[in-house]
Amino acid sequence: MVRGRISRLSVRDVRFPTSLGGHGSDAMHTDPDYSAAYVVIETDAEDGIKGCGITFTLGKGTEVVVCAVNALAHHVLNKDLKDIVGDFRGFYRQLTSDGQLRWIGPEKGVVHLATAAVLNAVWDLWAKQEGKPVWKLLVDMDPRTLVSCIDFRYITDVLTEEDALELLQKGQVGKKEREKQMLAQGYPAYTTSCAWLGYSDDTLKQLCAQALKDGWTRFKVKVGADLQDDVRRCQIIRDMIGPEKTLMMDANQRWDVPEAVEWMSKLAKFKPLWIEEPTSPDDILGHAAISKALVPLGIGIATGEQCHNRVIFKQLLQAKALQFLQIDSCRLGSVNENLSVLLMAKKFEIPVCPHAGGVGLCELVQHLIIFDYISVSASLKNRMCEYVDHLHEHFEYPVMIQRASYMPPKDPGYSTEMKEESVKKHQYPDGEVWKKLLAAQEN
Ligand SMILES: C[C@H](O)[C@@H](O)[C@@H](O)[C@H](O)C(=O)O
Ligand SMILES: [Mg+2]
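Calculation criteria
Residues numbered from 1 in each chain as written. Chains lettered and ligands numbered in written order. Predicted model: local features only at pLDDT ≥ 70, side-chain atom pairs only at ≥ 80, totals over all residues. Heavy atoms only, no water. Near = heavy atom within 4 Å. Polar contact = N/O pair within 3.5 Å; in protein donor to acceptor, adjacent residues only side chain to side chain. Areas by Shrake-Rupley, 256 points an atom, 1.4 Å probe, with all protein chains shown as cover. 1 Å grid on protein atoms, 1.4 Å probe; cavity = no way out; pocket = protein on both sides within 12 Å on 5 of 7 lines; lining within 4 Å. Sits in = over half its atoms within 2 Å of the grid points. Nonpolar A, V, L, I, M, F, W, Y, C, P; charged D, E, K, R; others polar. UniProt positions renumbered as here; feature names shortened; annotations may be inferred. Helix = DSSP H or I, 4+ residues; strand = E, 2+ residues; numbered from the N terminus. Buried < 20%, exposed > 50% of the residue type's maximum accessible area, 1.4 Å probe, protein only. Contact = heavy atoms within 4.5 Å. Core = buried A, V, L, I, M, F, W, Y, C linked by side-chain atoms within 4.5 Å. Donors = N, O, S within 2.8 Å, 3.2 Å for Na, K, Ca; no water.

Trainee: Tell me about the site of ligand 1, and name the residues and values.
Mentor: As a structural note, the neighbourhood of ligand 1 is formed by 14 residues, with D26, Y34, E305, H355 and E386 the closest of them. The separation between an oxygen atom of ligand 1 and a polar main-chain atom of G357 is 2.7 Å. The fraction of the free accessible surface of ligand 1 (320 Å²) that becomes covered by protein chains is 98%. With respect to the pocket detection grid, ligand 1 is positioned in the largest pocket. In terms of residue class, the shell around ligand 1 is made up of two nonpolar, five polar and seven charged.

Next up, the structure:
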C-alpha cells in the first residue's frame, strides 16, 4: 500500500495575529501570535498525495524552526516512504541522532520541534496513503508494528519493548466496543477559550455563558500574574459554572516552588482539579514538591506542554511529580515518541489529558488520545482533552466537537493540512495579512 519516494519538502512560516485579541495569552506569553512551521512533503508516486505536518510556535522564532526543518530535510529527501515506515524506529533515531544537529538538542528545543513537524508530515502522508485517519491507522496496527515505531533508548529502565508489547496486547481486549463508543460519543473535552489572561472580565463572562449554553462542563482558567486578579476571575467563573462543574488552573511556569504552593493555597477555595505548569517545566523535583504539598488540598499537578521528551516524562512519572500528564503532538517527536509516553503513563496509571492550546494542536492530538482510549488506557476516568476555539477554519479537516466531545475524524491523514489560501495570506512576512500589519506598524 505504501508507495513513492520523497521528492520534495517545503516548509513555510505561517503566523496568525492572535495577540491582537489577547487570544492564547497567559502569565508568561502575554502576546502570542499562534504560528506554525508548516511542512509539506511530496512523493514521486502518481497519486499526488501530500503529507502535511506542523509544529506549533508563537510568532517570533518560527523562522528559526523553519531553518531547523531545512537542516533536517536531507534525512527525508529521496527516501522511499516504504523504507521510512518499514523501520520507523530507525528513521526516528536517524533524525534525532544526526551527529551534528543533535548538538543543538538533543531531542529538545528547536531541533526537536522541527523533528516533530517533519514526522507529523510523514504520519499524515502514511495515513492518507492507507486511506485512514491516523487514530484508525494506529488502532488497526498490530502491537508489534506499533512497538517498532518507538525508540526505547533512555527509557528501558521503566518501559522495555516487551512491557510495551504486553500493554498493547492487553489493550486489544474490548477494542472493538471502545472504537464504537468513540464513534458514537466522542472523546470528552474541556475548554480553555473562555479565560485567557488577556481577556477582560466582560469577555470572560460572555464566553463562559456561551460555553455553558454549548454544553461545556469543564473549564480552564489562566492564573499566575496577579493574585487579586486571579481571585476575582476564579470567583466569576466558579459562580457562573457552579460547584459541580470542573475547573482547572494554568500558571504557565510563572512561579518558584514555594510561591506556587503559597499562591495555590489561596486559590484552593475555588476547588481546581489541577494546577498546570506551576513552575519551570524542567524542574522535576520542584513539581514533586508542589505535588506533595497540594495533593492534600485536592489539587493535582498537570504538566507536559513544554516537556522536552520521553526522558523528562519518565522522570516526572518516577518522581510522582504529576497527577495529570499532558502530551503534546508537536513538542515531542510526533506519534513515535508520544506512543512511548502514552505507554509509560499507562504503566504508572497516570491519566493523560493532552495539551491543545495552539493552532492545529486540537486537530492533531485528538488522534493520539482517541487511539490511547481504544488501544491503551481503556479508561475515561479523570481524562479529557483540551479544546480551544481558535483558527480551525484554516484547516482542510477541522476538528468536530459535539456535546463537548471530540468526534473521531473520518478523513484520511493527521488533520494537519491547511487551506492553501490561509497559508498564503498568513505567511510571514509576505502574506497579505502581515504586509498590512507590518505597514501599519511602520506608520
Ligand atoms: C501560549 C499558549 O496559548 C498557552 O497559553 C497554551 O498553550 C496553554 O498553556 C494551554 O494549556 O492551552
Ligand atoms: Mg497550559
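Let's pick the thread back up.
Trainee: So what about the UniProt feature "domain: Mandelate racemase/muconate lactonizing enzyme C-terminal" (unreviewed entry) in the chain? Which residues, and what values?
Mentor: Following the UniProt record, the feature "domain: Mandelate racemase/muconate lactonizing enzyme C-terminal" (unreviewed entry) maps to residues 201-296 here. Helix makes up 52% of residues 201-296 and strand 14%. Its end C-alpha atoms lie 31 Å apart.

Trainee: Residue-level account of the side chain of S25, with values.
Mentor: With respect to the helices, strands and loops of the structure, S25 is situated in the loop between β1 (6-15) and β2 (35-43). S25 sits in the buried class, given a relative accessible area of 2%. From its side chain, S25 meets the backbone nitrogen of G198 in a polar contact 2.7 Å long. When residues no more than four places from it in sequence are discounted, the contact partners of S25 are T30, P32, W196, L197, G198 and K222.

Trainee: Just give me the short version of the environment of P272, but keep the residues and values in it.
Mentor: Among the secondary structure elements, P272 is positioned in the loop between α11 (257-267) and β7 (274-276). Expressed as a C-alpha distance, the spacing of P272 and V221, which sit 51 residues apart in the sequence, is 9.6 Å. What P272 contacts, discounting residues up to four positions off in sequence, is L247, M249, M264, L267, G298 and I299.

Trainee: Break down the nonpolar core for me, with residues and values.
Mentor: One recurring pattern in soluble globular proteins: nonpolar side chains tend to sit buried together. Residues F88, W123, M249, I275 and L325 are the most contacted members of the largest nonpolar core, which totals 140 residues. Beyond its immediate stretch of four places on either side in the chain, I275 contacts V223, M249, D250, A251, W255, M264, L294, I299, G300, I301 and A302.

Trainee: Please provide a residue-by-residue account of the coordination of the magnesium ion (ligand 2), values included.
Mentor: The coordination sphere of the magnesium ion (ligand 2), as far as protein atoms go, consists of D250 (OD), E276 (OE) and E305 (OE), spread over 2.0 to 2.2 Å. Along the chain, the residues donating to the magnesium ion (ligand 2) are arranged with the sequence spacing D-x25-E-x28-E. Of this pair, D250 sits in strand β6 (residues 246-250) while E305 sits in the loop between β8 (300-303) and α13 (310-318), and the two are 55 residues apart along the sequence. You'll find D250 and E305 in the same group, each marked buried.

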